[in-house]
Amino acid sequence: MRIPGLGNAADNPKHVTPGDDPEHHPRARDGRAPNVMRIGEWVPMRQHRDEEEVDFAIVGTGAGGGTLACRLAEGGLSVVAFDAGPYFRPLEDFASDESHQSKLYWTDERIVDGENPLQMGSNNSGKAVGGSTVHYAMVALRFRPEWFKTRTLMGYGADWPLDWREMWRYYDQVEDDLKISGPVNYPWGPYRRRYHRRAHEINAAAKVLARGAEAMGIGWTPTPLATVSAPHGDAPPCVYRGFCTLGCSTNAKQSVLVSYLPRALKAGAEIRDLAMVGRIETRNGRATGVHYFREGKWRFQRAKNVVVAGYAIETPRLLLNSANQEFPDGLANSSGLVGRNLMVQGNQAVWGVFDEEIRSYKGPPSLAISEHWNYDDKGHGPFAKDFFGGYSYMSQGPLPQLWANTQASAHGLWGEALVAEMQRYNHVAGLKVVSEYMPQERNRVTLADVKDQYGLPVARITYSWCDNDKALNRHALKFLREALSAAGGREVWDQGDDTCHLNGTARMGADPRTSVVDADCRSWDIPNLYVCDGSVFPTVGGVNPSLTIQAVALRTADRILARRR
Amino acid sequence: MPMPSDRASRPPRRRAASVKRRVAPVRVEAAVHPVVVLAAVAAGAGLLTWFAAGRSKPLGLAAGGRSYSSRGHDVTASAAQRLNHASTMLAASVLFDSGLEHYRGQFFNRAMYTPIVVSSVTLAASLHGAGDTDTGSSRVRHAVQALAGLTGLIGFGFHAYNVGKREGGYSFQNLFYSAPIGAPMALTLAGVLGVVAERVRDADPDEPHLAGLSAGRSLAVATAGMLVGTTLEAGLLHFRGAFQNPAMFVPVTLPPLAAALLVRAATKPEGASQATAKWGMWAVSAMGVGGVAFHAYGVARMMGGWANWRQNLIDGPPLPAPPSFSGVALGGLAALELIERSRIRF
Ligand SMILES: Cc1cc2nc3c(=O)[nH]c(=O)nc-3n(C[C@H](O)[C@H](O)[C@H](O)COP(=O)(O)OP(=O)(O)OC[C@H]3O[C@@H](n4cnc5c(N)ncnc54)[C@H](O)[C@@H]3O)c2cc1C
Ligand code: SF4
């Protein structure tokens, strides 16, 4: 008898590297899919023929798609979820090597322009079963309730067609599903249920944030994270090695790959890895299925409903690429808003050197957080707010290669100077924001003339800051500089141009003229076409988005199931 | 700023062939792991205590013959031995637990060696008393147990200071992750029960008293308090573990119930049957031992399980911790014995 949790270690010397190559040969086939929690094991998987009209075809298995697939399958629907990326086995496929792990990123060609062209890849998009959550930083925050109605209550952005109290219930659900490890009492926002795991021990980098916040007279707290601090099923507690953003090889991290997708498989969903969806077919105003490329050829899966969940670049790209005679401007695009209002979030940082050893790379990268500036709308003195929106900021833990890159690019060091700076790596700590940028129609995803390896036009991503964004950047950097210095940081310098997260290119709303989908993530134009991922955000708020993406996905599933009854 | 790389690098190793014969001073300590030294010191101190405690004289012999009824004598001797079983359990739990945890803390502060040595001598004194069927106390044992009691209190002070000085002060976060605030008190409990054992040996077997109060009653109330204290410690750490396994609720529910039974027992008339309370104590004792198995399962659920024992014994649930419940429960049994005025045969 095998007791769960015994000897499923990646560092178990008895285990061998799997013989198959998940990046070139699909693993989910022949009626089985990898059991990601156990070395070498499989779980049975229900499969559908292409000609069979399944209830739901879902494009993308990340925070939005994977979560939705799980709940729809558990609700008794037949589901096929496609992902262009490989089906990794974290215990076996993930190396402790930054270069090697770039296999998790979406590095297909994309064209960037605008006044502040975005950097794409490692920092914002993944290509794997489980989506970007396979290499996300696990920060699991709720929106501030007012952000669901920023236009009405705060005078900027656009309202969500959702009520925060309803969202609070779905946040409860996703926090329970992922066993979020968070503080006993969260200091900001209205009452919420206690987290299902206690917060992790904070590292020295997080203590720097704590000292800085205490010196500046604002609150801080250990960050709620989607990695368990006590066992959960086959997932062992976090071992604090800090490889989270390059794929957690212990499964402590509750990515969609190890949380919702195993449940989805158990409930009868089919997952197709290495399956790139190129076009959605429509007839008589309804979606009829998806064209996808797998194992060397294009196929067509029939479906009663189609969900697009490819994240805020690939989702509009697929909708635009699916233009046909019926919908010449792309699917769901009668408002002309598909691809518009692309929002990233600010990711500026300040870095400094400390006398004591910090070793910031130990443990998950963001173990402490302050959401003060998300909840304080005025500020005062030198930190009076002269802009809309807010930001949270967190401690940081860059791994060596990323740190060398940052020093070379953002700090402009090279040669002797770079080597000398890297000697101080163990003594560096930094603070980084996740800030709210405004939705702007000029920031958008369109199609370029260039084609990718599947012969599909690639995305052109145009991005520029507005004055409000710039004012926010200034405030944030100024505050972080003071906080870091107050904590004892010396030689403090700014990293001023980093961004993260992608949202908003198929926004939800209450009016078909000003939004792409309704509150249930269903497109206004095509009744059996849904968008369920970061694209539906009308505004982004000053917190990391995936908990909200997942809460929206849970709600969408409930709404779809309720309509069937 | 001192950087790791600033430290003088080691002199390059000479190649064996070119080594000239030179008489070098023999350096023994380099070959022995410091933990081995510590273990040897602890064991040595324990042995010394054992021998120093010698063989205690039965009461009344000096005065020429027994002057107390043998029944009362039986009861106090048995209760004293049982109290020493209790302090043995607790001292052993502290020895292994503080050894593990302070090793984990890399003996960052020299004072962290103290509980290991003190719990070793306490263990020796307790074992010595546990095997001593005679009445009459031993001065060495008495002194050692008192030292344990004091050391635990000082340790508590150290731990409390460590918690409070961290960012965030006396927050849950620091209570979870800095020095466990309640842990040193287990040594105090060992010491207190050990001291009481000596006092009971010296007490009038027909009407044993402690500090002017009925020995059985006061001990029952005291051990009830100890059970509650130990429950608080377990509760804090199991809360940190988010009670992820339902079994984690047992040590926060069963011991308080047993403590209530003890208090009730203290109110019963002398000689009345204490069967329920006794069952409560046996249940808590069994829970303490069974807890080790649960913690072993917890170790298995860590990354790498038992195959990675060198890390997981340190970072997983502490194997030596649960038996401290058994220790306190044995103290409770001794109290019941004294109240009931009859020996419990086991
Ligand atoms: C380094 C990093 C750190 C992050 N840290 C955090 C954090 O701490 N907290 C937080 O809340 N968020 C974080 N995020 C953001 C978070 O990961 C994303 O917001 C979230 O995963 C987006 O969910 P999604 O469902 O919209 O898309 P994804 O999770 O990206 O899923 C999209 C999936 O769709 C697939 N796909 C796309 N197009 C197609 C197609 N045409 N055919 C087939 N498959 C397709 C992709 O391969 C991908 O797997 C981080 C992101 C990164 C990159
Ligand atoms: S630090 Fe924890 S969550 Fe991050 S990779 Fe390691 S085990 Fe996974």
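All of these numbers come straight from a predicted model, not from anything done at the bench. (Residues numbered from 1 in each chain as written. Chains lettered and ligands numbered in written order. Predicted model: local features only at pLDDT ≥ 70, side-chain atom pairs only at ≥ 80, totals over all residues. Heavy atoms only, no water.)

Looking at the interface of chain A and chain B
For clarity, the cut-off: Any two residues whose heavy atoms approach within 4.5 Å at even a single point are treated as in contact. A 1.4 Å probe defines the accessible area here, and the buried area is the portion of it lost by two parts on being joined, summed over both. Whenever a carboxyl oxygen of Asp or Glu lies within 4 Å of a side-chain nitrogen of Lys or Arg, that contact is scored as a salt bridge. Contacts described as polar in this section are N or O atom pairs within 3.5 Å, which, within protein, must combine one atom able to donate a hydrogen with one able to accept it, while residues neighboring in sequence count only if both atoms come from side chains. Numbering of helices and strands runs from the N terminus; a helix is a DSSP stretch of H or I covering at least four residues, while a strand is a stretch of E covering at least two.
If you look at the interface, chain A gives 41 residues, while chain B gives 26 residues. Buried surface at the junction of chain A and chain B, summed over both partners, amounts to about 2,600 Å²; 62% is from carbon and sulfur atoms. The three residues of chain A that bury the most area against chain B are R198, E201 and P231 of chain A, which together make up 20% of that side's buried surface. Linking chain A with chain B are one salt bridge. Across the salt bridge formed by R211 of chain A and E167 of chain B, the nearest N and O atoms sit 3.3 Å from each other. At the boundary of chain A and chain B, one finds six residue pairs in polar contact (both at pLDDT 80 or more). Elements with a minimum of two residues in the side of chain A that touches chain B: β7 (197–198) and α5 (204–216) of chain A.

Considering the packing of α5 of chain A against helix α11 (residues 467–486) of chain A
All names here are of chain A. This is how the line gets drawn: Between N-to-C directions, angles span 0 to 180 degrees; the directions come from axes that are lines fitted to C-alpha atoms, helices contributing only their stretch in contact. Every angle not falling under 35 degrees, over 145, or within 65 to 115 is termed oblique; those three ranges are roughly parallel, roughly antiparallel and roughly perpendicular.
One way to put it is that α5 packs onto α11 with a least axis distance of 7 Å and a crossing angle of 105 degrees. Judged on the interaxial angle alone, α11 and α5 are roughly perpendicular. The residues of α11 that touch α5, namely those facing V208, G212, A215 and M216, are F479, E482, A483, L484 and A486.

Some remarks on the site of ligand 1
Residue and element names in this part refer to chain A. For the record, the criterion: Here a residue is near a molecule or strand as soon as one of its heavy atoms is found within 4 Å of it. The protein chains shown are the only cover counted for residues, whose accessible areas, like all others here, come from Shrake-Rupley with a 1.4 Å probe.
By nearness alone, 38 residues border ligand 1, and G64, D83, S132, Y311 and S546 come closest of all. Taking D83, its side chain carries an N or O atom lying 2.7 Å from an oxygen atom of ligand 1. At a separation of 3.0 Å, a nitrogen atom of ligand 1 approaches a polar backbone atom of A84. Protein contacts shield 97% of the accessible area of ligand 1, which totals 990 Å² for the unbound molecule. Looking at the shell around ligand 1, the elements with two or more residues in it are α1 (63–74), β10 (276–283), α7 (311–321) and α12 (546–564).

Some remarks on the UniProt feature "transmembrane region" (unreviewed entry) in chain B
All names here are of chain B. Short version of the rule: UniProt positions are given in the numbering used here, feature names are shortened, and annotations may be inferred rather than shown by experiment.
Here the UniProt-annotated "transmembrane region" (unreviewed entry) positions come out as residues 30–53, 112–131, 143–163, 175–197, 209–228, 248–267, 279–300 and 320–339. With 70% helix and 20% strand, residues 209–228 has its two end C-alpha atoms placed 24 Å apart. The span residues 248–267 carries 90% helix and 0% strand; its end-to-end C-alpha distance comes to 31 Å.

A word on the confidence of the model for chain A
Just so we agree on the cut-off: Note: pLDDT gives the predictor's confidence per residue, expressed from 0 to 100.
In this model, chain A carries a mean pLDDT of 94, and residues with pLDDT of at least 70 account for 97%. Counted against residues more than four places away or in other chains, residues 1–13 of chain A, with its pLDDT under 50, gives 31 contacts.

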